[in-house]
Amino acid sequence: MDVLQAMFLAFLQGVTEFLPISSSAHLVIPSLVLGWQDEGLTFDVAVHVGTLLAVVLYYRRDLCAMAGSCLGLLRGRGTNADTRLVLCLALATVPVCVVGFLADEFIESQLRTLPVIATTTLLFGLLLGLADRHARHAASFATLTLGVALAIGLAQALAPVPGVSRSGVTLTAGLLLGLDRSTAARFAFLLSIPVIAGAGLLKGVQLVQASAPVDWALMLSAALLAAVTAYACIGLFLRLLERVGLMPFVYYRIALAAVLYALWLF
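Here we summarise the structure given alongside this text. (Residues numbered from 1 in each chain as written. Predicted model: local features only at pLDDT ≥ 70, side-chain atom pairs only at ≥ 80, totals over all residues. Heavy atoms only, no water.)

Observations concerning the packing of helix H7 (residues 146–156) against helix H9 (residues 181–210)
One way to put it is that H7 packs onto H9 with a least axis distance of 12 Å and a crossing angle of 60 degrees. The orientation of H7 relative to H9 falls into the category oblique. Taken as a pair, H7 and H9 cross one another with a handedness that is right-handed. Residues Ala-149, Ile-152 and Gln-156 of H7 lie in contact with H9, whose contacting residues are Phe-187, Leu-191 and Val-195. Taken together, the residues of the contact of H7 with H9 sort by class into 5 nonpolar, 1 polar and no charged. (Axes fitted to C-alpha atoms, helices over the stretch in contact; angles between N-to-C directions. Helix = DSSP H or I, 4+ residues; strand = E, 2+ residues; numbered from the N terminus. Parallel < 35°, antiparallel > 145°, perpendicular 65-115°, else oblique. Left-handed = near helix turned anticlockwise from the far one by under 90°. Contact = heavy atoms within 4.5 Å. Nonpolar A, V, L, I, M, F, W, Y, C, P; charged D, E, K, R; others polar.)

This is how it looks when you write it as structure tokens:
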């Protein structure tokens, strides 16, 4: 793999993984416009590890608090907000695991096409705008319950479809269900941890079985670049979310969809 190509794709993955703009929609453009081949399983694992490291480091205090509350529960202490959050995250993770197990091959072979990615980029961008407007006009905000978490998890089950955006669809669901922006974003990012970890583990097993030669220096560089970029993007996005909302990302998705449709047609 060309070094510059690998670094560009790692940077792109880090930027788009946690923004509600769909990483798959962006990663398809270089292959179509520049004729780049698929980056390969090893690279995919590397950037997954990088983005997972970023979100774990960013929410390390939340994760430590949740781990401590679970240990306390095992020792006979009652539940608290952190243990309830763990239950919500576990429940919300189930639907996407089921979809990934049952439909992964179909999605990879049938849905990774320009018209599908362009259409999902547009439609789920418009839904994101509707959710942002709903959040601005909400008279009061709901609390994160098991029912709300399950509904967000059902929405996340659509995330394997290219162009949907995992962070985008979970944010959309959370806002439409009445969560405030900061709560919806925090839950969406925490929810990404088991999903990215599971995807990385699955691809890692496939990589071990493939026994392909690995350029470890290049893969480590790609993972670190993806991690640094993703970490910065999480912090920047959370600051922008309260100041300007989600509409800039909605407009961006509409423009991106137009570019993808143009690539498909011409």
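Remarks on the pattern of salt bridges
In this structure the tally under the stated criterion is 4 salt bridges. Note that Arg-112 and Glu-108 form a salt bridge whose closest N and O atoms lie 3.9 Å from each other. With relative accessibility at 44%, the residue Arg-112 sits in the partly exposed group. Asp-132 is the salt-bridge partner of Arg-136, the closest N and O atoms lying 2.7 Å from each other. Of the two residues, Arg-136 and Asp-132 both sit in helix H6 (residues 114–137), 4 residues apart, roughly one turn of that helix. (Salt bridge = Lys/Arg side-chain N within 4 Å of Asp/Glu carboxyl O. Buried < 20%, exposed > 50% of the residue type's maximum accessible area, 1.4 Å probe, protein only.)

Quick notes on the nonpolar core
Of all hydrophobic cores here, the largest spans 48 residues; its most connected members are Phe-187, Phe-237 and Leu-246. Within the residue set of this core, elements represented by two or more residues are helix H3 (41–58), helix H5 (81–111), H6, H7, helix H8 (166–176), H9, helix H10 (216–244) and helix H11 (247–265). Sorting elements by how many residues they give to this core places H9 first, with 9 residues. Apart from the residues within four sequence positions on either side, Phe-187 is in contact with Leu-85, Cys-88, Leu-89, Ala-92, Leu-144, Ala-149 and Ile-152. With 11 residues, the next largest nonpolar core counts Ala-6, Leu-9, Met-219 and Ala-223 among its residues. (Core = buried A, V, L, I, M, F, W, Y, C linked by side-chain atoms within 4.5 Å.)

Topic: the side chain of Asp-62
Within the fold, Asp-62 resides in helix H4 (residues 60–74). Apart from residues no more than four positions distant in its own chain, Asp-62 is found in contact with Arg-186 and Leu-190.

As for the state of the cysteines
Per the counting criterion, the structure on display carries 0 disulfides. Cysteine Cys-88 shares no disulfide, and the gap to the nearest cysteine sulfur, in Cys-70, comes to 12 Å. Counting only cysteine sulfurs, Cys-88 is the nearest neighbor of Cys-97, a cysteine outside any disulfide, at a range of 16 Å. (Disulfide = S-S within 2.5 Å.)

Structural notes on unusual backbone geometry
Here Ser-22, not a glycine, exhibits a phi torsion of approximately 75 degrees, which is positive. Following the sequence through the fold, Ser-22 ends up in the loop between helix H1 (3–16) and helix H2 (23–33).

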